[in-house]
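Topology and contacts: notes
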Amino acid sequence: MFDPLNCRVLTCQQMAEADRYTIRSGLFTGSELMERAGAAIMDVVLRDFGDAPRVHVLCGPGNNGGDGYVVARLLVERGVDVRLHALAPPKPETDAAQAAQRWRGDVLPLDAFAPDENDCVIDAIFGAGARGMLPEVVQDALVTASRHQARMVAVDLPSGIDGDTGAARFAVQCAATVTFFAKKPGHLLHPGRETCGTLHVADIGVRQEPDAADYHDVFENGPDVWAPWFSPDDAEIDTHKYQRGHVAVFSGSRHSAGASRLSALAAQRAGVGAVTLLGSANAIDIHASHVTSIMTRVVTDESAKAVLRGLPHCRAVVLGPGYRETDKLRTHARSVLEPAEGTHRKALVLDADGITAFKDHQNDLFDIGRLSTRPRLILTPHAGEFARLFPDLADDRAIGKLEQARRAAERANAVVVFKGPDTVIAAPRREDLEEPVAAINVHASPALATAGSGDVLAGLIAGFVARGICAFDAACAAVWMHGEAGMRAGTSPTAEDIIAHIGDALQHVASLFETQRGHI
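One structure accompanies this document, and this report is about it. (Residues numbered from 1 in each chain as written. Predicted model: local features only at pLDDT ≥ 70, side-chain atom pairs only at ≥ 80, totals over all residues. Heavy atoms only, no water.)

For the rest of this paragraph, the subject is the overall build of the protein. Along the protein, the regular secondary structure elements total 22 helices and 17 strands. In summary, the protein has a C-alpha radius of gyration of 26 Å against a globular reference of 24 Å for 520 residues, a match within 12%. Over its C-alpha atoms, taken along the principal directions, the protein stretches across nearly 80 × 45 × 40 Å. Across the 520 residues of the protein, 56% fall into the buried class. Between the averaged position of the 51 positive side-chain charges in the protein and that of its 66 negative side-chain charges there is a distance of 4 Å. (Helix = DSSP H or I, 4+ residues; strand = E, 2+ residues; numbered from the N terminus. Rg over C-alpha atoms; globule rule 2.2 N^0.38 Å. Buried < 20%, exposed > 50% of the residue type's maximum accessible area, 1.4 Å probe, protein only. Lys, Arg positive; Asp, Glu negative; His and termini not counted. Charge placed at Lys NZ, Arg CZ, Asp CG, Glu CD.)

Have a look at this one:
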């Protein structure tokens, strides 16, 4: 069955709490967990780097180093040539100290570390426990391993990577990382994600306290997050088109109409029954020569509000792609979200120029977001646009991208899709929960960095919202399927190529549902 717990992401503090609960509840002692961690690391080393002439284990003074002492001992028992180097001895009477006592080989100083090419090096120095800049002797050791082309395996996290933000105080590229129980944000956010290499999550018996396990606020984006609210059967309902959802897309002028057309086409591919492009007479003439199954409506400054209210079953609106008239745009944004008696409450996907229009009018935007208790405003900024709306958050490097997105979502009462190679989707609350929630998406391709790709994503989000999916889940599903379509489109795709593969991405998700049903 789809289960969000399959893709939970724990902060360093939450992971420490899980360790303490596991020990306190009597499931395992700290020493037993360390032994199990060492065994999991050994399995990865023997399986993936068993051809290494020698294994060097670099140990720190904490529990990460304790794992290193265990894996060194277990590898020697398997007949592996092991050299162990320590930064400092573990504190007395700790689990790490007990692990060090069971190591019968030499303990060499870290500054004597000298690997050969193709050796395997296990980085068990700090993991997630690093604070501040790494000591110079540690930096030298890591650089030495990299320079000699040794294959690095990190325990929990590469030393120097912040587990909560992915920021690199100092780090070198690892071939693999072995962590335990659940991923941390630093495993998914840049640059930590690239530095980790192949990530292995080992179940060593850690468990969370039941109250803590009932609710998780950060996930790795994937079908387990949004599948319970996203049924492909929606498209099979025998009903009329408007009941399958209706999306409106505001068009820019005739010379910048292409962006809004990409959004409209993507919304259509999302499975809605109807899409309407709204714009000036000149822009609509351009659209009419390019689209056939998408409806068009001419709107003026005065008629936009009335036209929106008159669109049957319209639940989502895209505003911003190619829309350069900032004053008019801000007026339209409020028109979309203002409660209108007797009409469907609409969600607003504000993208591109729609975000830039509020650069010096942030409070106006936040007031718009607060027009609804449940977030119906969806913001889709890339890093530059995020900085225009939330300059103080963008400048606060200490909190990292995940926390930046979460604070922005709370401030704007909006779902924030903070785009990039590690897109973060954050909401102040979810349809079924009163607590904030966030997801980190890594299901994507560098090929998505192409003109019009963001316009496609905006339309896809609106399409899923119009189908009746709550804003957060719609955004998560759209980001994931946008990535899936991009990967299926191959190398150097255009935005049109991405749109052409949205149907394949939807079919892939439908097949996942069928597989799940087959297992029930």
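Turning to the pairing of strand 9 (residues 246–250), a few remarks are in order. Among the five residues in strand 9, five count as buried, and that is most of the element. Neither face of strand 9 is open: one carries His246, Ala248 and Phe250, the other Val247 and Val249, and all of them are buried. Relative to strand 10 (residues 274–279), strand 9 runs parallel, the two sharing five bridges. Within strand 10, the position partnered with Ala248 by the bridge is Thr276. The parallel pair strand 9 and strand 10, bridged by helix 10 (residues 258–269), forms a crossover whose chirality is right-handed. Alignment of strand 9 against strand 12 (residues 314–319), held across four bridges, turns out to be parallel. Bridged to Ala248 within strand 12 is Val317. (Pairing = 2+ DSSP bridges. Right-handed = clockwise from strand over helix to strand, strands pointing away.)

Contact geometry for helix 13 (residues 326–337) and helix 15 (residues 362–369): axes closest at 9 Å, N-to-C directions at 15°. Here helix 13 is positioned roughly parallel relative to helix 15, judged by the angle of their axes. Here helix 13 runs over helix 15; the crossing is left-handed. Mapping the contact onto sequence places Arg330, Ala333, Arg334 and Leu337 in helix 13 and Asp364, Asp367 and Ile368 in helix 15. Among the residues forming the contact of helix 13 with helix 15, the class breakdown is three nonpolar, no polar and four charged. (Axes fitted to C-alpha atoms, helices over the stretch in contact; angles between N-to-C directions. Parallel < 35°, antiparallel > 145°, perpendicular 65-115°, else oblique. Left-handed = near helix turned anticlockwise from the far one by under 90°. Contact = heavy atoms within 4.5 Å. Nonpolar A, V, L, I, M, F, W, Y, C, P; charged D, E, K, R; others polar.)

In this section: the sheet that holds strand 3 (residues 108–109). The strands making up a sheet are joined through hydrogen bonds of the backbone, oriented either antiparallel or parallel. The sheet built from seven strands is open, its strands ordered 3-2-1-4-5-6-7 with parallel pairing. At either end of the open sheet lies a strand with only one pairing partner, and these are strand 3 and strand 7 (198–202). As defined by bridge partners, strand 5 (residues 151–155) adjoins strand 6 (residues 176–180) across three bridges and the pair is classed as parallel. In the sheet register, Val155 faces strand 6, and the bridge partner there is Val178.

Counting 59 residues, the largest nonpolar core has Val247 and Phe464 as the members making the most contacts within it. By size, the runner-up hydrophobic cluster in this structure holds 48 residues, among which are Leu365, Val416, Phe418 and Ala438. (Core = buried A, V, L, I, M, F, W, Y, C linked by side-chain atoms within 4.5 Å.)

The terminal C-alpha atoms of helix 18 (residues 400–412) lie 18 Å apart, and with 13 residues this matches the ideal 18 Å at 1.5 Å per residue to within 8%. Looking at helix 18, one finds that the buried residues are Gly400, Lys401, Leu402, Gln404, Ala405, Arg406, Ala408, Ala409 and Ala412. Among the residues trailing helix 18, Asn413 stands out with phi positive, at a value near 50°. (Expected span 1.5 Å × (residues − 1).)

Turning next to the sheet that holds strand 15 (residues 414–418). The 10 strands are arranged 8-17-16-15-14-13-12-9-10-11 in an open sheet whose pairing can be described as mixed. Looking at strand neighbours, the two that pair on one side only are strand 8 (218–220) and strand 11 (295–298), the edges of this open sheet. Neighbour to neighbour, the strand axes of the sheet diverge by 20° on average, direction disregarded. By the bridge criterion, three bridges tie strand 8 to strand 17 (residues 437–441) in an arrangement that is parallel. In the sheet register, Val218 faces strand 17, and the bridge partner there is Ala438. Sitting on the sheet, helix 19 (residues 453–466) touches strand 9, strand 12, strand 13 (347–350), strand 14 (377–379) and strand 15, and the angle it makes with strand 12 is about 165°.

Before going further, it helps to spend a moment on the pattern of salt bridges. Across all of its chains, the model carries 25 salt bridges by this definition. The salt bridge involving Asp360 is made with Lys359; its shortest N-O contact spans 3.8 Å. Residue Asp360 is classed as exposed on the basis of its relative accessible area of 62%. With its nearest N and O atoms 3.3 Å apart, the salt bridge here joins Asp367 to Arg370. (Salt bridge = Lys/Arg side-chain N within 4 Å of Asp/Glu carboxyl O.)

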